[in-house]
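Residue-level structural notes
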Amino acid sequence: MKIKSGIGRLLLFFAVLPLMFAAGCSKEKEEYKKTGDVEYTVMEEADVPAELLDIIKEKKGGPFRLTYLAEDALYVAEGYGEQPSGGYSIAVDEIYMAEEGLCIKTTLIGPAADEKVTMAATYPYIVLKLKPMETEAHFLE
């Protein structure tokens, strides 16, 4: 879906539909041949574009995967929905280019058994900043 604004052209892709999330974004056990490395930065919430942050806040209650193309960067976001406590983090396992597009794999890491955590619901997500590119994103299982 293309969005035009006074700042410039923005492009927003929703990488998966909710039903596809449960089955995985990629075809069953499909492997993508790596064609190149990808440099990225894990973003702090304060540095995420406001429009993207608004979208994340709308979707954070459930799992989500999306890409957001701004003039200066491509942002890739993945959230794991509501978790029962604090102490969760997300690791980037893989991120690379393939002929089919950008491939990304993350893992939700729960709190350690002896870690003191808040007992309130949390909504862990990660936002990665990459060089701007128009490509399809494949979230790997």
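See the structure printed just above.
This text gives an overview of the structure that appears in the document. These numbers come from a predicted model, not from an experiment. (Residues numbered from 1 in each chain as written. Predicted model: local features only at pLDDT ≥ 70, side-chain atom pairs only at ≥ 80, totals over all residues. Heavy atoms only, no water.)

**Quick look at the side chain of E78**
To keep it simple, the criterion reads: Strands are runs of DSSP state E lasting at least 2 residues, helices are runs of H or I lasting at least 4, and numbering of each runs from the N terminus. Burial status follows relative accessibility: with a 1.4 Å probe on protein chains alone, a residue under 20% of its type maximum counts as buried, one over 50% as exposed, and anything between as partly exposed. As used in this structure description, the phrase polar contact means that two N or O atoms lie within 3.5 Å; if the pair is within protein, one of them must be able to donate a hydrogen and the other to accept it, and residues adjacent in sequence are counted only when both atoms belong to side chains.
Within the secondary structure layout, E78 lies in strand 6 (residues 74-80). Relative accessible area serves as the criterion here: at 4%, E78 is assigned to the buried category. Polar side-chain contacts of E78 include one of 2.8 Å to the side chain of R65.

**Looking at the pattern of salt bridges**
How we decide: Within this document, salt bridges are pairs made up of a side-chain nitrogen of Lys or Arg and a carboxyl oxygen of Asp or Glu, the two lying within 4 Å of each other.
Scanning the model with the defined rule gives 3 salt bridges in all. Of the charged contacts in the structure, one is a salt bridge between K34 and D37, with a shortest N-O distance of 2.6 Å. Residue classification places K34 among the partly exposed positions, given a relative accessible area of 48%. Several salt bridges converge on common partners, so that one network encompasses R65, E78 and E141.

**Side note on empty space enclosed by the protein**
We apply this condition: In this analysis, the protein atoms alone were mapped onto a 1 Å grid. Cavities are point sets where a 1.4 Å probe fits without being able to get out; pockets are open sets with protein on both sides within 12 Å along at least five of seven lines; lining residues have an atom within 4 Å of a point. Grid points are joined across faces, edges and corners, and a volume is the space filled by probe spheres set on the points. Gly is put with the polar residues, along with every residue not named as nonpolar or charged; the nonpolar set is Ala, Val, Leu, Ile, Met, Phe, Trp, Tyr, Cys and Pro, and the charged set is Asp, Glu, Lys and Arg.
Per the stated rule, a full pass over the model turns up 1 cavity of 30 Å³ or more. Taken together, V76, A77, E78, I104, T106, I126, L128 and F139 make up the lining of the largest cavity. Listing elements by their share of the lining of the largest cavity, those giving two or more residues are strand 6, strand 8 (101-109) and strand 9 (125-130). Looking at the lining of the largest cavity, its residues break down into 6 nonpolar, 1 polar and 1 charged.

**Details of the packing of aromatic side chains**
To keep things clear, this is the line we draw: For Phe, Tyr and Trp, rings pair up if their centres lie within 6.5 Å, where Trp contributes its six-membered ring, and each pair is then called stacked (planes under 30 degrees apart), edge-to-face (over 60) or tilted (otherwise).
Scanning the entire structure with this criterion turns up 1 aromatic pair. Relative to Y75, the ring of Y68 has its centre 6.2 Å away and its plane inclined at 55°; by these criteria the two rings are tilted. Since its relative accessible area comes to 3%, Y68 is described here as buried. On the basis of relative accessible area, Y75 is assigned to the buried category, the value being 4%.

**Let's talk about the pairing of strand 5 (residues 63-69)**
The condition that has to hold: Paired strands are those between which DSSP finds at least two bridges.
Among the 7 residues of strand 5, 6 are classified as buried, and the element is accordingly described as predominantly covered. Pairing of strand 5 with strand 6 involves 7 bridges; the strand directions are antiparallel. Bridge pairing in strand 6 links R65 to E78. As consecutive antiparallel partners, strand 5 and strand 6 are separated by 4 residues.

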